[in-house]
Amino acid sequence: MTTHSGARPDTTVRRTPLLQHAPLPDMLLEALSQDHEIVDFNTLTAAAFRERAPEFEILLTNGEDTVARERMQSLPALGLIANFGVGYDGIDMQAAADHGVRVSNTPDVLTDDVADLAMGLLLAASRQFPAAQRFLESGGWAAGGFTWTRRVSGSRLGIVGMGRIGEAVARRAWAFDMPVRYFSRRQKPGMGYECEPLLMGLATWADALVVCLPGGKETKGLIDAKILQALGPQGILVNVGRGSVVEEDALIRTLHAGELGGAGLDVFATEPRVPNELQGLPNVVLTPHIGSATWQTRQAMSALVVENIRAYQQGLPLVTPVG
Ligand code: NAP
């Protein structure tokens, strides 16, 4: 078809470029690439980045990435940071506010998976599932039974950070007849669980602590040697929040000294590095930050990122804004 002037119309719609700043699942990138050109930050030379920087209005990131003030300053058109994940401690939120950059994340859709994992880690660390499997596979069973472990049902559960994931863990604990108390920034009187005003009080009371806190300056190192010692030689620490919340050196020391009963950890101080001292222990269960890593949840998280970008581009309120 030609126009009245005889010239061919330009049917090539220019796809908006998105700056991909961290690894993201193929399903999300495929969905976005229908309407956008995805530019992987890591493939750009410094010169190519400088040249293209003014084009990027949207930056894609994940919950483990760092988006610092300098990066925002280098992107003059930046208006949205779309985070694939609920935790956004890697994003400089003050800088985002200063630059008028909006931020979205993916809450709620991952809550059940992370709470499932927390309960799995608690059971696996208390009952020593991985060590029991290693025992069986190395032929130990023929020579006698596996060591006796500690019961989870009916034991006292302390939740550190009573937000969406914390509450979902508490709901699961109900089915295990576990009394629940929590320590959090604010009391949640409507929930029906007892609030411990001091973390030390919670650690002293609990048989197991499940950490569901975000990362960042305010929560850094909250779980220190004193808290771990208060949890005690029979106590179990589960961390599905952020590695920075637990003083990892203190955790290693207390575990090796027998001052802490065991640990189930999905998050670590310097991922993907996991200290050797945490590996190979019968009472420690480790997973590589897989809290939300199921097909169903990753699909829902991807859909939420797409919806937030669409809302931003249409000038509508973000579906799940942060801040
Ligand atoms: P959330 O609903 O915001 O819950 C966080 C809770 O922590 C809130 O109750 C909050 O208090 C409390 N809190 C924040 N700062 C605190 C402080 N300094 N002292 C005491 N309590 C504090 O978030 P969520 O959806 O449950 O997610 C929690 C965290 O889990 C995320 O930020 C992320 O780091 C982590 N996560 C991990 C995985 C994984 O794969 N392992 C997956 C998803 C999320 P308020 O109620 O006052 O806000």
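These notes cover the structure that comes with them. (Residues numbered from 1 in each chain as written. Predicted model: local features only at pLDDT ≥ 70, side-chain atom pairs only at ≥ 80, totals over all residues. Heavy atoms only, no water.)

Okay, the packing of helix 1 (residues 26-33) against helix 11 (residues 295-313) next. Axis separation between helix 1 and helix 11 bottoms out at 9 Å; the angle between their running directions is 30°. If you check the angle between helix 1 and helix 11, you find them roughly parallel. Crossing geometry of helix 1 relative to helix 11 is assigned as right-handed. Residues M27, L28, A31 and L32 of helix 1 form the contact with helix 11, whose participating residues are W295, R298, Q299, S302, V305, V306 and I309. Split by residue class, the contact of helix 1 with helix 11 holds eight nonpolar, two polar and one charged. (Axes fitted to C-alpha atoms, helices over the stretch in contact; angles between N-to-C directions. Helix = DSSP H or I, 4+ residues; strand = E, 2+ residues; numbered from the N terminus. Parallel < 35°, antiparallel > 145°, perpendicular 65-115°, else oblique. Left-handed = near helix turned anticlockwise from the far one by under 90°. Contact = heavy atoms within 4.5 Å. Nonpolar A, V, L, I, M, F, W, Y, C, P; charged D, E, K, R; others polar.)

For the rest of this paragraph, the subject is the packing of aromatic side chains. Applying the stated rule across the entire model yields two aromatic pairs. Look at F41 and F49: their rings are 5.3 Å apart centre to centre, the planes differ by 85°, and that puts the pair in the edge-to-face class. On the basis of relative accessible area, F41 is assigned to the buried category, the value being 19%. Ring geometry for F135 and F146: centres 5.3 Å apart, planes at 55°, overall tilted. Here F135 is found in helix 6 (residues 129-137), whereas its partner F146 is found in the loop between helix 6 and strand 6 (157-160), with 11 residues between them in sequence. A residue is classified by how much of its surface remains accessible, and F135, at 22% relative accessible area, is partly exposed. The side chain of R71 reaches across the aromatic face of F49, ending 5.6 Å from its centre. (Phe/Tyr/Trp six-rings, centres within 6.5 Å; stacked < 30°, edge-to-face > 60°. Buried < 20%, exposed > 50% of the residue type's maximum accessible area, 1.4 Å probe, protein only. Lys NZ or Arg CZ within 6 Å of the ring centre and 35° of its normal.)

Let us look at the pairing of strand 9 (residues 208-211). Side chains A208 and V210 project from strand 9 onto one buried face, and the interleaved L209 and V211 project onto a second face that is buried too. Pairing analysis gives four bridges linking strand 6 to strand 9, with the strands arranged parallel. When the sheet's bridge partners are listed, G158 is paired in strand 9 with L209. The pairing of strand 9 with strand 10 (residues 236-239) spans four bridges and is parallel. Paired with A208 across the bridge in strand 10 is I236. For the handedness criterion, the β-α-β arrangement of strand 9, helix 9 (residues 225-231) and strand 10 is classed as right-handed. (Pairing = 2+ DSSP bridges. Right-handed = clockwise from strand over helix to strand, strands pointing away.)

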